[in-house]
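# Structural features, examined
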Amino acid sequence: MAITSYPFDNQVVTETQFSQMFREFQDSGVAAPFGNTTSFYTTAGTGMTVNVSAGLAFLRGHVVQSTATEAVPIPAASTSARVDRVILRLDPSLNSIVLAVKQGTAGSTTPPALTQTDTGIFEIALASVTVNANVTSITSGDISTTRTFAGTRVGAWTTGTRPAGPRFGQLGYNNTTSAWEFWTGSAWAPLLSSVDWSNLSGKPATFPPSTHTHTWSQITDAPTSLPPSSHTHDWGQVTGKPTSYPPSTHGHDWTSITGTPSTYPPSSHSHTWSSITSKPSTYPPSTHYHSQYLESGDTIAWANGTKRVHADSVSGSGTYYAVWVQGDGTFARNTSSRRFKQNIRDIDIDPDAVLSLRPRVYDRRPKEEGGEYLRDEFGLIAEEVAETLPEIVTYDEEGRIDALRYDLLGVALLPVVQDQAERIERLEQLVRDMSR
């Protein structure tokens, strides 16, 4: 049996010998803090590529260093899903350590096995990549990092990335179990055994009591009954109380009284008009006057349009007229027949001026000052309309902007509709010409 020792002066030392020597100083794995995301960390790239960041790693006593992020191509997807591995591969015959991808088996969720020989190919895993069926790109959700981290013979790993060839007594921290463990020569065992009261040695058999308290449920041999002492009870706890009591001077509210009569003989009283039922729907006329029924030429003091306009309506058959109220309060019909018009001519209304009008929501005052507001009424603001469509704005006797001719707003909309109709006709003609 030959005995070999190395390295010494003037001696040829092979890479295998150096590898055997240095692997005893350093485990195989990424040289970085456990779980870090900057050393040989795999992320999604563009299309069917992944990016592996720069880093330093040891493989069976050999060192590999990358100083920049490398784009690593993933083989094209199969018709069924598979799991590939991104690895670092040591090949002594080529004197190199390279980044590579080991392609998994289509239809299998198990990544391909690593090759880890003593003198030939030696691989360590950096990440697992799920390649779904027929995909053309890899996403971050497809990548699971599986790096083994190197330590100075005191390592850090997960249950799935423990050293492949540990030495007897080798110590490391298992991040999966959150516990220190060591190699017994045949298995990994926890450094600190679990201790419970049953396997604790040297514990006393009894303990001297000290001042303490117990809840009632913890007390044994407690008496089943206790002699009473001065105390009180709420009404619900009292048993054997009488079911009825002799009456004494007291009062009742109306709702608590039973046997009250359902009707009462009438006495002198009054009712509001709204509470009277079966009143006649019409009354024979007599000489009288109501301010809410006016004839032609009558005037009213509240002709500003703020009283009852939202509640009154008409019904039945006959001729109805839109009503104008003049500045002096006189009512008049709103007529539209040619009989009442002269000097008839066209008017140019800018469609954009009509389209610029802004509908608004507001609370209306019944008067210029004071009174209860009518909430959330909507319409136009006369001062805003005057800026673009002054034709429908009216003024009071003092020349102030006062109201809008809403009856003319529909007329003002006609040029908008006509303009849009002309545009539609031109566009349709343009489409017909282009299709020929």
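Figured I'd write up the structure that's included with this text. Per-chain numbering applies: the sequence of each chain, read as written, is numbered from 1 onward. Thresholds applied to this predicted model are a pLDDT of at least 70 for local features of residues and 80 or more for the giving and counting of side-chain atom pairs; totals over whole chains, interfaces and linings are not thresholded and use all residues. Heavy atoms throughout the structure, all of them, feed into the side-chain values; hydrogens and water do not.

## Quick word on the overall build of the protein
- Across its full length, the protein holds 4 helices and 20 strands.
- Residue burial in the protein is summarised as follows: out of 436 residues, 23% are buried.
- Any two residues whose heavy atoms approach within 4.5 Å are treated as being in contact. Sequence separation of 24 or more characterises 48% of the internal contacts of the protein that already satisfy a separation of 6 or more.
- In the structure as shown, the protein presents an accessible area of about 32,400 Å², 55% of it carried by carbon and sulfur atoms. The numbering of helices and of strands both runs from the N terminus, where a helix is a DSSP run of H or I of at least 4 residues and a strand a run of E of at least 2. Only protein chains enter the accessibility calculation, which uses a 1.4 Å probe. A residue is then buried if its area is under 20% of the maximum for its type, exposed if over 50%, and partly exposed in between. Note on areas: these come from Shrake-Rupley sampling with a 1.4 Å probe, and a residue is covered only by the protein chains present in the view.

## Quick look at the environment of Arg-85
- Position of Arg-85 relative to the elements: it lies in strand E7 (residues 82-91).
- Here Arg-85 falls in the buried class, since its relative accessible area comes to 17%.
- With 58 residues separating them along the chain, Arg-85 and Ile-143 place their C-alpha atoms 9.7 Å apart.
- Apart from the residues lying within four places of it in its own chain, the contact partners of Arg-85 are Ala-100, Val-101, Lys-102, Pro-111, Pro-112, Ala-113, Leu-114, Ala-125, Ala-127 and Ser-128.

## Let's talk about the sheet that holds strand E8 (residues 96-102)
- The rule for pairing is simple: two strands pair if DSSP sees at least two bridges between them. If you trace the 4 strands from one edge of the open sheet to the other, you get E8-E7-E9-E10, paired in antiparallel fashion. Each edge of the open sheet carries a strand with a single partner, namely E8 and strand E10 (143-145). With direction set aside, neighbouring strand axes in the sheet form an average angle of 20°.
- In the sheet, E7 pairs with E8 via 7 bridges, with the strands oriented antiparallel. Within E8, the position partnered with Arg-89 by the bridge is Val-98. Only the contacting stretch of a helix is used when fitting its axis, a line to C-alpha atoms as for every element, and angles between N-to-C directions run 0 to 180 degrees.

## Quick notes on the sheet that holds strand E3 (residues 49-52)
- If you trace the 3 strands from one edge of the open sheet to the other, you get E2-E3-E6, paired in antiparallel fashion. At either end of the open sheet lies a strand with only one pairing partner, and these are strand E2 (42-44) and strand E6 (70-73). Here the strands of the sheet are splayed against their neighbours by 35° on average, with no regard to which way each runs.
- Alignment of E3 against E6, held across 4 bridges, turns out to be antiparallel. Note that in E6 the partner of Val-50 across the bridge is Val-72.

## A closer look at the pattern of salt bridges
- Think of a salt bridge as a Lys or Arg side-chain nitrogen and an Asp or Glu carboxyl oxygen that are within 4 Å of each other. A full pass over the atoms with the stated rule returns 12 salt bridges.
- One salt bridge connects Arg-82 with Asp-84, and the closest N-O pair in it is separated by 2.8 Å.
- Residue classification places Asp-84 among the buried residues on the basis of a relative accessible area of 0%.
- Notably, a salt bridge pairs Arg-423 with Asp-419, separated by 3.1 Å at the nearest N-O pair. Residue Arg-423 and its partner Asp-419 are located together in helix H4 (residues 406-435), separated by 4 residues, close to a single helical turn.
- Its relative accessible area of 46% is what places Arg-423 among the partly exposed residues.
- Judged by relative accessible area, Asp-419 falls into the partly exposed class, the value being 22%.
- Within this structure, Arg-89, Lys-102 and Glu-123 form a network of salt bridges that share partners.

## Describing the pairing of strand E20 (residues 401-404)
- In this structure, strand E19 (residues 393-395) lies alongside E20, joined through 3 bridges in antiparallel fashion. Paired with Thr-394 across the bridge in E20 is Ala-403.
- Two successive antiparallel strands, E19 and E20, enclose a turn made up of 5 residues, where Gly-399 displays a positive phi of approximately 85°.

## Quick notes on the packing of aromatic side chains
- The aromatic pairing rule takes the rings of Phe, Tyr and Trp, using the six-membered ring of Trp, and pairs them if the centres are within 6.5 Å, calling planes under 30 degrees apart stacked, those over 60 edge-to-face and the rest tilted. Within the structure shown, the criterion is met by 6 aromatic pairs.
- Ring centres of Tyr-173 and Trp-180 lie 5.5 Å apart, and the angle between their planes is 65°; on these two criteria the pair is classed as edge-to-face.
- Under the relative-accessibility criterion, Trp-180 is labelled partly exposed at 41%.
- Note on Trp-197 and Phe-207: the rings are 6.4 Å apart at their centroids and 40° apart in plane angle, and the pair reads as tilted. Of this pair, Trp-197 sits in the loop between strand E14 (188-190) and strand E15 (323-325) while Phe-207 sits in the loop between E14 and E15, placing them 10 residues apart in sequence. The pair Trp-197 / Phe-207 is uniform in exposure class, with both members exposed.
- In textbook terms, an aromatic cluster arises when at least three aromatic residues are bridged by ring pairs, as seen for Phe-18, Phe-22 and Phe-25.

## Describing the nonpolar core
- Nonpolar core, defined: a set of buried Ala, Val, Leu, Ile, Met, Phe, Trp, Tyr and Cys residues in which side-chain atoms within 4.5 Å join the residues together. Core analysis: the largest hydrophobic core is formed by 25 residues, its most contacted members being Phe-40, Val-50, Leu-59, Val-86, Leu-88 and Ile-138.
- Sorting the residues of this core by element identifies E3, strand E4 (55-59), E7, E8 and strand E9 (122-131) as the ones contributing at least two each.
- Broken down by element, this core gets its largest block of residues, 6 residues, from E9.
- In contact with Phe-40, not counting residues within four places along its chain, are Val-30, Val-52, Ser-53, Ala-54, Gly-55, Leu-56, Ala-57, Val-64, Ser-66, Leu-88, Leu-126 and Arg-147.
- Membership of the second largest hydrophobic core comes to 14 residues, among which are Leu-357, Ala-382, Leu-389 and Val-393.

## Quick notes on the side chain of Arg-85
- Of the side chains with opposite charge, Glu-123 lies nearest to the buried Arg-85, which makes no salt bridge, at 7.1 Å.
- Polar contact criterion, stated in full: a pair of N or O atoms within 3.5 Å, where within protein one must be able to donate a hydrogen and the other to accept it, and residues adjacent in sequence count only if both atoms are side-chain atoms. For Arg-85, the side chain forms a polar contact with the main-chain oxygen of Pro-112, separated by 2.6 Å. The convention is simple: Lys and Arg are positive, Asp and Glu are negative, and His and the chain ends are not counted.

## Points about a nonpolar patch on the surface
- Excluding any residue in a salt bridge, patches collect residues exceeding 30% relative accessible area, merging like charges within 9 Å and nonpolar Val, Leu, Ile, Met, Phe, Trp and Tyr side chains within 5 Å. The grouping of Val-154, Trp-180, Leu-191 and Leu-192 at the surface amounts to a nonpolar patch, some 420 Å² of accessible area in total.
- As for its placement among the helices and strands, Leu-192 is situated in the loop between E14 and E15.
- Leu-192 sits in the exposed class, given a relative accessible area of 72%.

## Quick notes on unusual backbone geometry
- Cis geometry marks the peptide bond from Tyr-6 to Pro-7, where omega comes out at -5°.
- Checked against the element boundaries, Pro-7 lands in the segment before helix H1 (15-22).
- In the Ramachandran plot, Arg-60 falls in the positive-phi region, its phi being about 50° despite a non-glycine side chain.
- With respect to the helices and strands, the residue Arg-60 is situated in the loop between E4 and strand E5 (62-66).
- Classification of Arg-60 by relative accessible area gives buried; the value is 5%.
- In this structure, Asp-221 is a non-glycine residue whose phi angle is positive, near 60°.
- Mapped onto the elements of the fold, Asp-221 is located in the loop between E14 and E15.
- On the basis of relative accessible area, Asp-221 is assigned to the exposed category, the value being 79%.

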